[in-house]
Amino acid sequence: MSKPVVLIAEELSPATVQALGSDFEIRHCNGADRAELLPAIAEVDAILVRSATKVDAEALATARRLKVVARAGVGLDNVDVKAATQSGVMVVNAPTSNIVSAAELAVALMLAAARHVSPAHAALKNGEWKRSKYTGIELYEKTVGIVGLGRIGVLVAQRLSAFGMKVIAYDPYVQAGRAAQMGVRLVDLETLLAEADFMSVHLPKTPETVGLIGADQLAKAKPSLVLVNAARGGIVDEGALYDALKTGRIAGAGLDVFAQEPCTDSPLFELENVVATPHLGASTDEAQEKAGIAVARSVRLALSGELVPDAVNVQGGVIAEDVRPGIPLTEKLGRIFTALAGEVAQQVDVEVRGEITEFDVKVLELAALKGVFADIVEDAVSYVNAPLLAAERGTAVRLVTEPESPDHRNLITIRGTLAGGDQVSVSGTLIGISQKERLVEINGFDVDLEPTDHLAFFRYEDRPGMVGTVGGILGDAGVNIAGMQVSRNAKGGQALVALSVDTAIPHETLAEIEAAIDAAEVRAADLA
């Protein structure tokens, strides 16, 4: 059989081709040249582009075999998503590829504006030594206001917290509890403008956000305010910003984006208290490589029938950003569930509780099933065939959602009934800014354990010395314990030891532990 054909229409990092692997025929063309693009796209299964190639209705009509358009970056201005959807073509991008680069540039602009780096540099190059003129201010113990607490805004808040800054934020779509978990105080825009010494904008450009920071808002700011916009041009009214900077209404600005781009002639460039860059937020080697690798992986997934988390026009709608981090966790929970069950369950409930139930979480049901069957069937399990595998094995599946989650912001539980009537359950959540995975419940026992590659669970009658016995046997077997949790349902009742270990536990070692502690149940889950 011939290999699927992937067309790379612009220069991408070598890592992109490596990420595609040897399963595809790779072709190249100059996507900016329509005369070259249209015949080249006619007989390919996927096309990878950056910003110069326009994949419009004409190109899509020419592409008779096309299944995937992959944009190695964030924006999709050069891809007609509606026409692609009508043609049955998936569109993917790399939404997280440049977030670190963009966050770092915002911090760089803030520091440069605070310390007058740009005019001081220019003066020195002109032979002028002006130390006293360019005295700056510290970020330490100042208040920074983050406008937009999305992915990049969170990274900026995290980095500026390390500078010893007090972080406040305005974002009407973020709950105060979530912000508090990140050490950020959520306020309205008026309060932010009144309190902030520095302000960094991290909002998408929408009809609601265009001109959000205008003359009225700047009039409420401190005269010492340094404003940074490395998000999208037009969110800050450039005319109002110029007037505020020119008259000393605010102290300085760092700008990477402009209402009209390319922008090489702006009154703002005449001001010494402005540091500006030509939309460099994603312009790092690392961001470009991440983007190429991300879309290459998406192409592989799409052409093999797998779920593609970065698809922007998947059937049923886009996978919400808040839901995506739960996908790999849920798949792991499915594999742990099967290890605990030791058989195929007759009924599986995928329970999703908390804030993410505001979004479509159907994908988490698919992720759970993929994990449940991953280790018990010979064929590769995908998001496409997992429901079929459940139906073939007589497993009834139900997705249960509940907005209330008393103990965790979001909680995912896989609960099942076995043929003999026994119940099995495993729950997990994501914690902190970095969304770390945690197991929080095993068969009704509360735990707090990272779901690493190698896990083991021992249930026994609660009595002294059992934990030491388990540790001693593992030590004799050369198995190092990375994490351990002990839980019990009552003093002297049933207890559970949950372990994460560095290597898989040999079967004979598990049997030795089972005999030594007279365990009622021993289970191991190897997720590597």
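Reading guide: rules and limits
- Residues numbered from 1 in each chain as written.
- Predicted model: local features only at pLDDT ≥ 70, side-chain atom pairs only at ≥ 80, totals over all residues.
- Heavy atoms only, no water.
- UniProt positions renumbered as here; feature names shortened; annotations may be inferred.
- Helix = DSSP H or I, 4+ residues; strand = E, 2+ residues; numbered from the N terminus.
- Buried < 20%, exposed > 50% of the residue type's maximum accessible area, 1.4 Å probe, protein only.
- Contact = heavy atoms within 4.5 Å.
- Lys, Arg positive; Asp, Glu negative; His and termini not counted.
- Charge placed at Lys NZ, Arg CZ, Asp CG, Glu CD.
- Axes fitted to C-alpha atoms, helices over the stretch in contact; angles between N-to-C directions.
- Left-handed = near helix turned anticlockwise from the far one by under 90°.
- Nonpolar A, V, L, I, M, F, W, Y, C, P; charged D, E, K, R; others polar.
- Pairing = 2+ DSSP bridges.
- Core = buried A, V, L, I, M, F, W, Y, C linked by side-chain atoms within 4.5 Å.
- Domains from an automatic or database assignment.
- 1 Å grid on protein atoms, 1.4 Å probe; cavity = no way out; pocket = protein on both sides within 12 Å on 5 of 7 lines; lining within 4 Å.
- Points joined across faces, edges and corners; volume = space filled by probe spheres on them.
- Right-handed = clockwise from strand over helix to strand, strands pointing away.
- Buried area = accessible area lost by both parts, 1.4 Å probe.
- Salt bridge = Lys/Arg side-chain N within 4 Å of Asp/Glu carboxyl O.
- Polar contact = N/O pair within 3.5 Å; in protein donor to acceptor, adjacent residues only side chain to side chain.
- Expected span 1.5 Å × (residues − 1).

Named according to an unreviewed UniProt entry, the protein chain is D-3-phosphoglycerate dehydrogenase originating from Nocardioides guangzhouensis. Turning to the protein chain, the UniProt annotation filed under Function (unreviewed entry) states: "Catalyzes the reversible oxidation of 3-phospho-D-glycerate to 3-phosphonooxypyruvate, the first step of the phosphorylated L-serine biosynthesis pathway. Also catalyzes the reversible oxidation of 2-hydroxyglutarate to 2-oxoglutarate." UniProt lists a comment for the protein chain under the heading Pathway (unreviewed entry), and it reads "Amino-acid biosynthesis; L-serine biosynthesis; L-serine from 3-phospho-D-glycerate: step 1/3."

Caption draft 1: Summary view of the overall build of the protein chain. When its secondary structure is counted, the protein chain shows 17 helices and 22 strands. Projected onto its principal axes, the C-alpha positions of the protein chain cover 80 × 60 × 40 Å. Among the 528 residues that make up the protein chain, the fraction classed as buried is 49%. Sequence-distant contacts in the protein chain: of pairs separated by 6 or more residues, those separated by 24 or more amount to 62%. Computing the positive centroid from 47 side-chain charges and the negative centroid from 70, the protein chain places the two 4 Å apart.

Caption draft 2: Looking closely at the packing of helix α13 (residues 326–341) against helix α14 (residues 362–374). Running from amino to carboxyl end, α13 crosses α14 at an angle of 35 degrees, the nearest separation of the two axes being 7 Å. For α13 against α14, the interelement crossing comes out right-handed. For the pair α13 and α14, contact is made by Gly326, Ile327, Thr330, Glu331, Gly334, Arg335, Phe337 and Thr338 and by Val363, Leu364, Ala367, Ala368, Lys370, Gly371, Val372 and Ala374, respectively. Taken together, the residues of the contact of α13 with α14 sort by class into 8 nonpolar, 5 polar and 3 charged.

Caption draft 3: Layout of the sheet that holds strand β8 (residues 185–186). Across the sheet, which stays open at both edges, the 7 strands sit in the order β8-β7-β6-β9-β10-β11-β12 with parallel pairing between neighbours. Unpaired on one side and paired on the other, β8 and β12 (274–276) mark the two borders of the sheet. Inspection of the sheet shows strand β7 (residues 166–170) paired to β8 by 2 bridges, in the parallel sense. Bridging from a neighbouring strand, Ala169 pairs with Leu186 of β8. Each of β6 (143–147), β7 and β9 (198–201) is contacted by helix α7 (residues 151–161), which is oriented at about 170 degrees to β6, the strand it contacts most.

Caption draft 4: Inspection of the UniProt feature "domain: ACT" (unreviewed entry) in the protein chain at higher detail. Residues annotated in UniProt with the feature "domain: ACT" (unreviewed entry) correspond here to residues 455–528. Structurally, residues 455–528 comprises 28% helix and 39% strand, and the distance from its first C-alpha atom to its last is 10 Å.

Caption draft 5: Representation of the nonpolar core within the structure. If you look at the biggest cluster of nonpolar residues, it comprises 47 residues, and the most contacted ones within it are Ile336, Phe337, Leu364, Val426, Leu439, Ile442 and Phe457. Examining the composition of this core, we find that 8 residues originate from one element, α13, more than from any other. Per-domain counts for this core show at least three residues from each of domain 3 (315–451) and domain 4 (452–527). Setting aside its immediate chain neighbours within four residues, Ile336 contacts Val426, Leu439, Ile442, Pro451, Leu455, Phe457, Ala525 and Leu527. Val147, Leu189, Leu218 and Ala244 belong to the second-largest nonpolar core, a separate cluster that totals 32 residues.

Caption draft 6: Broad picture of empty space enclosed by the protein. Counted according to the given criterion, the structure contains 2 cavities of 30 Å³ or more. Approximately 50 Å³ is the volume attributed to the largest cavity. Forming the walls of the largest cavity are Leu340, Ile442, Asn443, Phe445, Phe457, Phe458, Arg459, Leu496, Glu521 and Arg523. Listing elements by their share of the lining of the largest cavity, those giving two or more residues are β19 (454–461) and β22 (521–526). For the lining of the largest cavity, the per-class residue count stands at 6 nonpolar, 1 polar and 3 charged. When we break the lining of the largest cavity down by domain, the ones giving at least three residues each are domain 3 (315–451) and domain 4 (452–527). In this structure, the second largest cavity spans a volume of roughly 40 Å³. Asn229, Gly233, Gly234, Val236, Glu238, Leu241, Leu255, Val257 and Phe258 together form the lining of the second largest cavity. In the lining of the second largest cavity, the residues fall into 5 nonpolar, 3 polar and 1 charged.

Caption draft 7: Summary view of the pairing of strand β4 (residues 68–71). Residues Val68 and Ala70 of β4 are buried on one face, and the alternating residues Val69 and Arg71, pointing to the opposite face, are buried as well. Between strand β3 (residues 46–49) and its parallel partner β4, the chain crosses via helix α3 (residues 57–62), and the hand of that crossover is right-handed. For the crossover from β4 across helix α4 (residues 81–86) to strand β5 (residues 90–92), the handedness is right-handed.

Caption draft 8: Molecular detail of the domain arrangement of the protein chain. Taken as a whole, the protein chain is organised into domain 1 (5–95 + 286–304), domain 2 (98–276), domain 3 (315–451) and domain 4 (452–527). On a C-alpha basis, the centroid separation for the pair domain 1 and domain 2 is 35 Å. Interface area for domain 1 against domain 2, summed over the two sides, is near 390 Å², with a carbon-plus-sulfur share of 45%. On the domain 1 side of the interface with domain 2, the three residues burying the most area are Val74, Pro95 and Ala287, jointly 77% of the side's total. The tally of links from domain 1 across to domain 2 stands at 0 salt bridges. Viewed at the interface, domain 2 and domain 1 are joined by 1 residue pair in polar contact (both at pLDDT 80 or more). Taken together, the residues of the side of domain 1 that touches domain 2 break down into 3 nonpolar, no polar and 1 charged.

Caption draft 9: Structural detail: α13. For α13, spanning 16 residues, the distance from its first C-alpha to its last is 22 Å, which sits close to the expected 22 Å at 1.5 Å a residue. In terms of burial, α13 is a largely internal element, 13 of the 16 residues being buried. Looking one or two residues past α13, Gly342 carries a phi angle of roughly 75 degrees, positive in sign.

Caption draft 10: Structural detail: the pattern of salt bridges. For the coordinates displayed, the defined rule picks out 24 salt bridges. Between Arg185 and Glu195 there is a salt bridge, with the nearest N and O atoms lying 2.6 Å from each other. Linking Arg185 in strand β8 with Glu195 in helix α9 (residues 189–195), this pair joins segments that are 10 residues apart in sequence. Residue classification places Arg185 among the partly exposed positions, given a relative accessible area of 43%.

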